[in-house]
Amino acid sequence: MVSFFLAFIAVLPCTYSLVTPRQGVAFFNPADNGGSMLDNAGDELGEPLNVIISGLSSAGVLTESGFENYAKAIGFSTECLGIHIGGPQSANLGDGNGFVNQTVELRQDYGDPDLGTCLESLIGGNHLRLYIQNGPEGNSGALFLAVSKEEDAAEGHTIVPDGYDIGRDELSAAAIGTTSFGGVTYSTAAQNLTGLLPPGSAGVNHGIATDGITTLLTVTIV
Ligand SMILES: *[C@@H]1O[C@H](CO)[C@@H](O)[C@H](O)[C@H]1NC(C)=O
Ligand SMILES: *[C@@H]1O[C@H](CO)[C@@H](O)[C@H](O)[C@H]1NC(C)=O
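Conventions used here
Within each chain, residue numbers correspond to sequence positions counted from 1 in written order. Chains and ligands are labelled sequentially in the order written, the chains with letters from A and the ligands with numbers from 1. For a predicted model such as this one, the threshold for reporting local features is a pLDDT of at least 70, and the threshold for listing and counting side-chain atom pairs is 80 or more; totals across whole chains, interfaces and linings nevertheless cover every residue. The numbering of helices and of strands both runs from the N terminus, where a helix is a DSSP run of H or I of at least 4 residues and a strand a run of E of at least 2. For this measure, only C-alpha atoms enter the radius of gyration; the expected value for a globule follows 2.2 Å times N^0.38, where N is the number of residues. Each residue is classified by how many other C-beta atoms fall within 10 Å of its C-beta atom, where C-beta atoms are placed from the backbone; a count of 20 or more means buried, 12 or fewer means exposed, and values in between mean partly exposed. Placing C-beta atoms from the backbone, we regard two residues as in contact once those atoms come within 7 Å. Each residue gets a C-beta atom placed from its backbone. Should that atom fall within 6 Å of a molecule or strand, the residue is termed near it. Each residue gets one of three labels, nonpolar for Ala, Val, Leu, Ile, Met, Phe, Trp, Tyr, Cys and Pro, charged for Asp, Glu, Lys and Arg, and polar for the others, Gly among them. A pair of strands counts as paired when DSSP detects no fewer than two bridges linking them. For every element, the axis is a line fit to its C-alpha atoms; helices are fit only across the contacting stretch, and the angle between N-to-C directions ranges from 0 to 180 degrees.

Caption draft 1: Representation of the overall build of the chain within the structure. Tallying secondary structure elements over the chain gives four helices and ten strands in all. Here the chain has a C-alpha radius of gyration of 18 Å; the compact-globule value for 222 residues is 17 Å, and the two agree. For the chain, the spread of C-alpha atoms along the principal axes amounts to about 65 × 40 × 30 Å. Counting every position in the chain, which comprises 222 residues, the buried fraction comes to 39%. Of all intrachain contacts in the chain linking residues separated by at least 6 positions in sequence, the fraction that spans at least 24 positions is 67%.

What follows is the structure in structure tokens.
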């Protein structure tokens, strides 16, 4: 008993220093600390991080597994049979972690979380990459999403014209209001932000221009 107690004390300070508590803000602007609202798709171009799930959302949404359940509630699921198409992209969210590969990539599931993403892989559809702002210099816990609408497989999964704005707006439209999956019910509110991304196509992958809007979603488990 005594040795257990001593071991506990010995472990405590170490645990403390490893865990940076979430900071009670919606998100930090990556550009304020050396990051960017464009991810890195290679060739010095990137996809816009055009949706942010606020760090003020319920904690149960702000983990990889929590987000995957939420994503299923709004029509996205893991990739077809776990088959991954294309290389990972990375992002620097200005949180002190530098460039980090996407946590996960999800596709529109056409109403079937198990096999629908296979259909997306064939006929195209909406698609997202997830990055989590959780580094030691900016632990908002916010989820940054690069959302884009893709062509079908014959077109090699390139982005449709205006595909970033369309992808963002379709995801937001599916998310706003009350949704549920796996016994969890979500209430989602949206707000459009300007000034994080410049409008236009400078630095944007495939040269597809955007309107520069980032949609902030606050998701509450009800
Ligand atoms: C991302 O993953 C690729 C492939 O696994 C790897 O080569 C690359 O170094 C990773 N990039 C970062 C920033 O971790
Ligand atoms: C955000 O902007 C897009 C594009 O103008 C619009 O379609 C959408 O309804 C807006 N969303 C909100 C919450 O204002």
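Caption draft 2: Seen up close, the site of ligand 2. In the vicinity of ligand 2, the contacting residues are Asp169, Ala190, Gln191, Asn192, Ile213 and Thr215. Among the elements that take part in the shell around ligand 2, strand β9 (residues 184-193) stands out by supplying three residues, more than any other. When the residues that make up the shell around ligand 2 are grouped by side-chain class, the tally is two nonpolar, three polar and one charged.

Caption draft 3: A look at the site of ligand 1. The environment of ligand 1 is made up of Pro88, Ser90, Phe99 and Asn101. Its residues assigned to classes, the shell around ligand 1 comprises two nonpolar, two polar and no charged.

Caption draft 4: Layout of the pairing of strand β5 (residues 104-108). Pairing of strand β2 (residues 76-78) with β5, which is carried by three bridges, proceeds in the antiparallel orientation. Across the sheet, the residue bridging to Thr78 is Leu106, located in β5. Bridge analysis of β5 against strand β6 (residues 125-132) gives four bridges, and the strand direction is antiparallel. For Glu105, the partnering residue across the bridge sits in β6 and is Arg129.

Caption draft 5: Examining the sheet that holds strand β10 (residues 214-221) more closely. Ordered in space as β2-β5-β6-β7-β1-β10-β9-β8, the eight strands form an open sheet in which the pairing is mixed. The sheet terminates laterally at β2 and β8 (177-181), the two strands that pair on one side only. Pairwise comparison of adjacent strand axes, ignoring direction, gives a mean angle of 30 degrees for this sheet. Running over the sheet, helix α3 (residues 116-123) touches β2, β5 and β6 and is turned about 80 degrees from β5. Seen against the sheet, helix α4 (residues 163-175) touches β1 (51-53), β6, β7 (143-150), β8, β9 and β10 and runs at an angle of roughly 115 degrees to β7.

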